[in-house]
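# Structure assessment
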Amino acid sequence: MTQIAFRTCPLCEATCGLEIHHDGERVTLVRGDRDDVFSHGFICPKGSALKDLEHDPDRLRSPRIRDRATDTWRDVTWDEAFAHIDAHLMPLLATHGRDALAVYMGNPSAHNLAALIYNRVVNQAAGTHNVYSASTVDQMPKQVSAGLMFGTALSIPIADIDRTDYLLMLGANPYASNGSLMTCPDFPGRLQALRARGGKVVVVDPRRTKTADESDEWVAIVPGTDAHLLLAMANVLFADGLVALGDHLEPVVDGVDDVRALVAAFTPEAVASITGIEVATIRRLAHELAAAPTAAVYGRIGTCTQEFGTVASWAVDVLNVLTGNLDRPGGALFNLPASGGANVGQTGGVGRGVRFGRRESRVRGLGEVFGEIPVVCLAEEIETPGDGQIRAMLTVAGNPVVSNPDSLRLDAAFDTLDFMVSVDIYLNETTRHADVILPAEPVLARGHYDLALRSLAVRNVATYSPPVFDVEPGMQREWETLCRLAGVLQGLGSGVDMIETVDEFVVRGLVEKSAPRIGMTADELYATISAGGRRGPERILDLMLRTGPYGLSLDDLLANPHGIDLGPLEPRLPDVLRTPSGRVELAPEIIAADVRDRLVPSLSRERNGGFVLVGRRDLRSNNSWMHNVRVLVKGKPRCTLHVHPSDAERLGLENGKLARVASKTGEVEIAVEITDAIRTGVVSIPHGWGHGADGMQMAIARENAGVNSNILASTDDYDPLSGNAILSGIPVEVAPA
Ligand SMILES: Nc1nc2c(c(=O)[nH]1)N[C@H]1C(S)=C(S)[C@@H](COP(=O)(O)OP(=O)(O)OC[C@H]3O[C@@H](n4cnc5c(=O)[nH]c(N)nc54)[C@H](O)[C@@H]3O)O[C@H]1N2
Ligand SMILES: Nc1nc2c(c(=O)[nH]1)N[C@H]1C(S)=C(S)[C@@H](COP(=O)(O)OP(=O)(O)OC[C@H]3O[C@@H](n4cnc5c(=O)[nH]c(N)nc54)[C@H](O)[C@@H]3O)O[C@H]1N2
Ligand code: SF4
Ligand SMILES: [Mo]
């Protein structure tokens, strides 16, 4: 008999509500949940494909150990797997020290309640300085700029898309990605609604994306020059007397005059040729932004994974402040998540602020950011002998061999490791190097709450999805695996009792800290959340909800399977701030220094007429890991080189024929797709492909291998403030193959 379960989709940041039709064992249909308070029935092809993902025969269903001599895998019990890790990893760490282990946490961790709670515990137990994550091939520049301006890594203002009159979007293509650092289910519908109510949408992108097509204006920028454009717009605001913070911002913002001085050199005339945008357009955009009743500037990955990522990310919020749009309805506001967190509570805005570079990477001396070492350092830290050399890896939900720059080098480096453990669902490009793979249970067998994304959403919403299925026989839940790993790493042993030991330890710590906030004793709170034998991530979620700003409980969420709408974003200044001054720091010194030291000198650069490479996303891909789902890869190949017709003619490239694309780091051969939806001088290859590696067990992905664009990206190039890799605007040479 068909049953229906309601469930938040965990595959991207949009958090769509899904209706899962199933017969108790198998999914028969997935469709959008019309009653979901946030997504109202919206779904994309990946959401529907959850069904195929769930039943993918290549998904790992048992822990595995690799025999290094024969390079063959055998299925083992969980006890054997953890005993093997204990027996091999711990002696290695005893001999070489804790830094000999590196931990890499990948993107699906951000969509996973268990990982969001217990990854930190694993990191602490590992006791290594070598902590890496996908953040430094992604949003770290935004976290750095937001941290400096507002006080924490998650103090990120969210564009109020449902109420704004004007949206300026840079480096984002939500028609493909469905939004990022902006949880916004049905982004397309909300954009259309914005325009339908008379608002305007402007898209700044070197490619004429679907989002650009569906907006009012496409501004075809030269890759890597968003900071120049945005500072020139700020320059116009000052020059033309359009700066107007408004009564709500005047008392809480420091540094307006410093910004005025910093942007003085960035006249529209000075940046026009660098950005490829006409002087009149830059002026007009600044005037439109200032004149709109409400407006929001939103920048995403194209503004982050580039040479001036942190400055560009900062400049986005500078414009929001200078036009008075920060912290007002229709502008860019801070969220108030139901699970509480660092930005919740009455502090008058004063906090510790953020500090970077408290430690440096061993080989290159690159500074730590929010406790992480940038991934551009990973390969060299494995390759370079000496004290603190990485000899072992733990990857959790990551595929760095595909997603990180200079992939071939990283692939080779992983091959030299003495020991590696991966928590993952596939035997893929990265996990094939592991000694032990610990599989995660399928998505539908776990409870779900978006601890991270709810604090980046365009509305305040809380939704919990209970597991639809039991875990398959012989499977362990990911949270249990993470607790057990923490137990091993802590030196407590590898037994199954570690699950309870570690979980209890975590809960006790949290209870002590948060009980006073709601006037309970630690014992009372512990008893309340443990009622009915609840444990694991659900118990901790219940604690967070109860001590959060709305005083909800997990039972409240269980009683509302379509979610609880907690209303639109509200002004939160100054209480949301955590800067030492208690004010918005509009001109943090390290950003100002980067503007003076790197951005100003770049104004005199000559364009050399060469080609630069950018990436792109497709609605049916999800970074590197969903290409094993047939319905998502069928149709014409998508891993192609986009080239403008005039460039193709100049280079002698033909549609469908192979081109060779070479950077200073590597080269690939890839089929050409001629399209006018790209600026001249720019070519584009999507990331996340290149699935031909020996030993992978992903049959469908292998049939649709494509090439890995990160073979062309260099580990030498990064944004110095955040350490983030430069994956966009890579100089390349293109020729027929
Ligand atoms: N050139 C270029 N490179 C890029 C980007 C780009 O735009 N251009 N984008 C970057 C961005 S934004 C990101 S976020 C990174 C992503 O980088 P990564 O996080 O390193 O890679 P993913 O491709 O997301 O791989 C996710 C891994 O998690 C596994 N997995 C999936 N679900 C689960 C689960 O429930 N539990 C566990 N334990 N494992 C699971 C998958 O099998 C896969 O191995 O890529 C970055 N790389
Ligand atoms: N379908 C699908 N959805 C996804 C993902 C996926 O792989 N597939 N990945 C998820 C993840 S991990 C993330 S982080 C988000 C990312 O979400 P988005 O930021 O929306 O990512 P993209 O769709 O890659 O759009 C980035 C755009 O930036 C443009 N761009 C490149 N360089 C520059 C530049 O220098 N300046 C400007 N202004 N634009 C530039 C590119 O042409 C591209 O159109 O998407 C998430 N959603
Ligand atoms: S848009 Fe994202 S959250 Fe919504 S169905 Fe698609 S993958 Fe899932
Ligand atoms: Mo990402």
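This one's a predicted model, so the numbers in the text were calculated from it and none came from an experiment. (Residues numbered from 1 in each chain as written. Chains lettered and ligands numbered in written order. Predicted model: local features only at pLDDT ≥ 70, side-chain atom pairs only at ≥ 80, totals over all residues. Heavy atoms only, no water.)

## Some words on the site of ligand 3
In the vicinity of ligand 3, the contacting residues are Cys 9, Leu 11, Cys 12, Ala 14, Thr 15, Cys 16, Ile 43, Cys 44, Lys 46, Gly 47 and Asn 178. The residue inventory of the shell around ligand 3, partitioned by class, reads seven nonpolar, three polar and one charged. (Near = heavy atom within 4 Å. Nonpolar A, V, L, I, M, F, W, Y, C, P; charged D, E, K, R; others polar.)

## Observations regarding the domain arrangement of the protein chain
Domain annotation of the protein chain identifies domain 1 (3–54), domain 2 (64–137 + 356–496 + 551–567), domain 3 (160–328 + 574–600) and domain 4 (608–736). Domain 2 and domain 3 are separated by 34 Å when their C-alpha centres are compared. If you look at the interface, domain 2 gives six residues, while domain 3 gives ten residues. For domain 2, the biggest contributors to the area lost against domain 3 are Val 137, Leu 456 and Val 458; these three give 71% of the whole. Between the two partners, domain 2 and domain 3, sit zero salt bridges. (Domains from an automatic or database assignment. Contact = heavy atoms within 4.5 Å. Buried area = accessible area lost by both parts, 1.4 Å probe. Salt bridge = Lys/Arg side-chain N within 4 Å of Asp/Glu carboxyl O.)

## Topic: unusual backbone geometry
The peptide bond linking Leu 573 to Pro 574 adopts the cis configuration, its omega dihedral lying at 0°. At Asn 178, a position not held by glycine, the phi torsion is positive, near 60°.

## Things to note about the pattern of salt bridges
Counting across every chain of the model gives 51 salt bridges. Put simply, Arg 190 and Asp 162 hold a salt bridge, and the shortest N to O gap is 2.7 Å. Residue Arg 190 is located in helix H7 (residues 187–196), and its partner Asp 162 is located in the loop between strand E8 (158–159) and strand E9 (166–170); the two are separated by 28 residues in the primary sequence. Take Asp 162: its relative accessible area is 28%, and that puts it in the partly exposed class. (Helix = DSSP H or I, 4+ residues; strand = E, 2+ residues; numbered from the N terminus. Buried < 20%, exposed > 50% of the residue type's maximum accessible area, 1.4 Å probe, protein only.)

## A word on the packing of aromatic side chains
Between two aromatic rings, the relevant description is the distance of the centres plus the angle of the planes. Applying the stated criterion across every chain, the model contains five aromatic pairs. Summarising the aromatic geometry, the rings of Tyr 118 and Trp 479 are spaced 5.8 Å apart at their centres and angled 25° between planes, so their arrangement reads as stacked. Placement of the pair is Tyr 118 in helix H4 (residues 113–126) and Trp 479 in helix H18 (residues 478–489), with a sequence separation of 361 residues. Exposure class is identical for Tyr 118 and Trp 479. Each is buried. (Phe/Tyr/Trp six-rings, centres within 6.5 Å; stacked < 30°, edge-to-face > 60°.)

## Observations regarding the packing of helix H20 (residues 522–530) against helix H21 (residues 536–546)
Contact geometry for H20 and H21: axes closest at 9 Å, N-to-C directions at 125°. On the basis of the axis angle, H20 is oblique to H21. As for the relative orientation of H20 and H21, their crossing is right-handed in sense. Facing Leu 525, Tyr 526, Thr 528, Ile 529 and Ser 530 of H20, the residues of H21 in contact are Arg 539, Asp 542, Leu 543 and Arg 546. Looking at the contact of H20 with H21 residue by residue, the class counts come to four nonpolar, two polar and three charged. (Axes fitted to C-alpha atoms, helices over the stretch in contact; angles between N-to-C directions. Parallel < 35°, antiparallel > 145°, perpendicular 65-115°, else oblique. Left-handed = near helix turned anticlockwise from the far one by under 90°.)

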